[in-house]
Amino acid sequence: MFKNDLLTVKREIYEIQDNLAVKNFETIYENIPCHLSVNLNNTSKFQNVSFLNSEFMIYLSFDENIQIKENDQLKVKTSKNENYTLYAGAIKIYNFSIQIKCRQEKIIESDFNVN
């Protein structure tokens, strides 16, 4: 399996600041060799805003011995220097690999200007 990409895993934590819960991310793992694959791209609209919904699959070696949870933030740097911020979905553990289904949502920018 190709493992030329690098994975950093961050997990949501809440800290109390001025009596308010503030969401932050704590780095759990860094620079884990992986392979990122694009499964699906589609667009949707919500209240006249277009979104690009993408699904990805991350493949890890079973030997990495890491524990990723659903909704963990996954930052992948590919071998081509592309950076992705994804969120973990279903996680499947097999004899030789770990497969993590991921999602990414982006707002599609428009050239339309309102004056």
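Everything here concerns the structure above.
Residues numbered from 1 in each chain as written. Predicted model: local features only at pLDDT ≥ 70, side-chain atom pairs only at ≥ 80, totals over all residues. Heavy atoms only, no water.

1. Notes on the overall build of the chain
Piece 1. A count of helices and strands for the chain gives zero helices and six strands.
Piece 2. When its helices and strands are written in sequence order, the chain yields β-β-β-β-β-β.
Piece 3. Going through the 115 residues of the chain one by one, you find that 27% of them count as buried.
Piece 4. In the chain, the share of contacts with a sequence separation of at least 24, taken over all contacts with a separation of at least 6, comes to 51%.
Piece 5. Here the chain has roughly 8,500 Å² of accessible surface; of this, 46% comes from carbon and sulfur atoms. (Helix = DSSP H or I, 4+ residues; strand = E, 2+ residues; numbered from the N terminus. Buried < 20%, exposed > 50% of the residue type's maximum accessible area, 1.4 Å probe, protein only. Contact = heavy atoms within 4.5 Å. Areas by Shrake-Rupley, 256 points an atom, 1.4 Å probe, with all protein chains shown as cover.)

2. A short note on unusual backbone geometry
Piece 1. The backbone of Asp18 shows a phi angle near 55°, a positive value even though the residue is not glycine.
Piece 2. Assignment of secondary structure puts Asp18 in the loop between strand 1 (5-17) and strand 2 (20-46).
Piece 3. Positive phi, normally seen in glycine, also occurs at Asn31, with a value near 55°.

3. Regarding the state of the cysteines
Piece 1. Enumeration over the complete set of coordinates arrives at zero disulfides.
Piece 2. Looking at the unpaired Cys34, the closest cysteine sulfur is the one in Cys102, lying at 9.0 Å. (Disulfide = S-S within 2.5 Å.)

4. Some words on the pattern of salt bridges
Between side chains of opposite charge, pairing is possible as soon as their charged atoms come close.
Piece 1. Using the criterion set out here, one finds three salt bridges in the structure.
Piece 2. Asp72 is paired through a salt bridge with Arg11; the nearest N and O atoms lie 2.8 Å apart. With a gap of 61 residues between them, Asp72 in the loop between strand 3 (49-61) and strand 4 (73-77) and Arg11 in strand 1 connect regions that are remote in the sequence.
Piece 3. Taking relative accessible area as the criterion, Arg11 reaches 19% and is therefore assigned buried.
Piece 4. In this structure, Glu55 engages Lys101 in a salt bridge whose closest nitrogen and oxygen atoms are separated by 3.7 Å. Placement of Glu55 in strand 3 and of Lys101 in strand 6 (residues 97-107) is noted, with a sequence separation of 46 residues between them.
Piece 5. The exposure class of Lys101 is partly exposed, given its relative accessible area of 37%. (Salt bridge = Lys/Arg side-chain N within 4 Å of Asp/Glu carboxyl O.)

5. Description of the nonpolar core
Piece 1. Formed by 18 residues in total, the largest nonpolar core has its most connected members in Leu7, Ile58, Leu60, Ile68, Leu74, Leu86 and Ile100.
Piece 2. Not counting chain neighbours up to four residues away, the residues in contact with Ile100 comprise Phe56, Met57, Ile58, Leu60, Ile68, Leu74, Ala88, Gly89, Ala90 and Ile91. (Core = buried A, V, L, I, M, F, W, Y, C linked by side-chain atoms within 4.5 Å.)

6. Concerning the environment of Ile32
Piece 1. Looking at the secondary structure, you find Ile32 in strand 2.
Piece 2. In sequence terms Ile32 and Glu64 are 32 residues apart; their C-alpha atoms lie 7.6 Å from each other.
Piece 3. With residues up to four places along the chain from it excluded, the contact list for Ile32 reads Asp5, Leu6, Leu7, Leu60, Glu64 and Ile66.

Keep in mind these values describe shape, not function.
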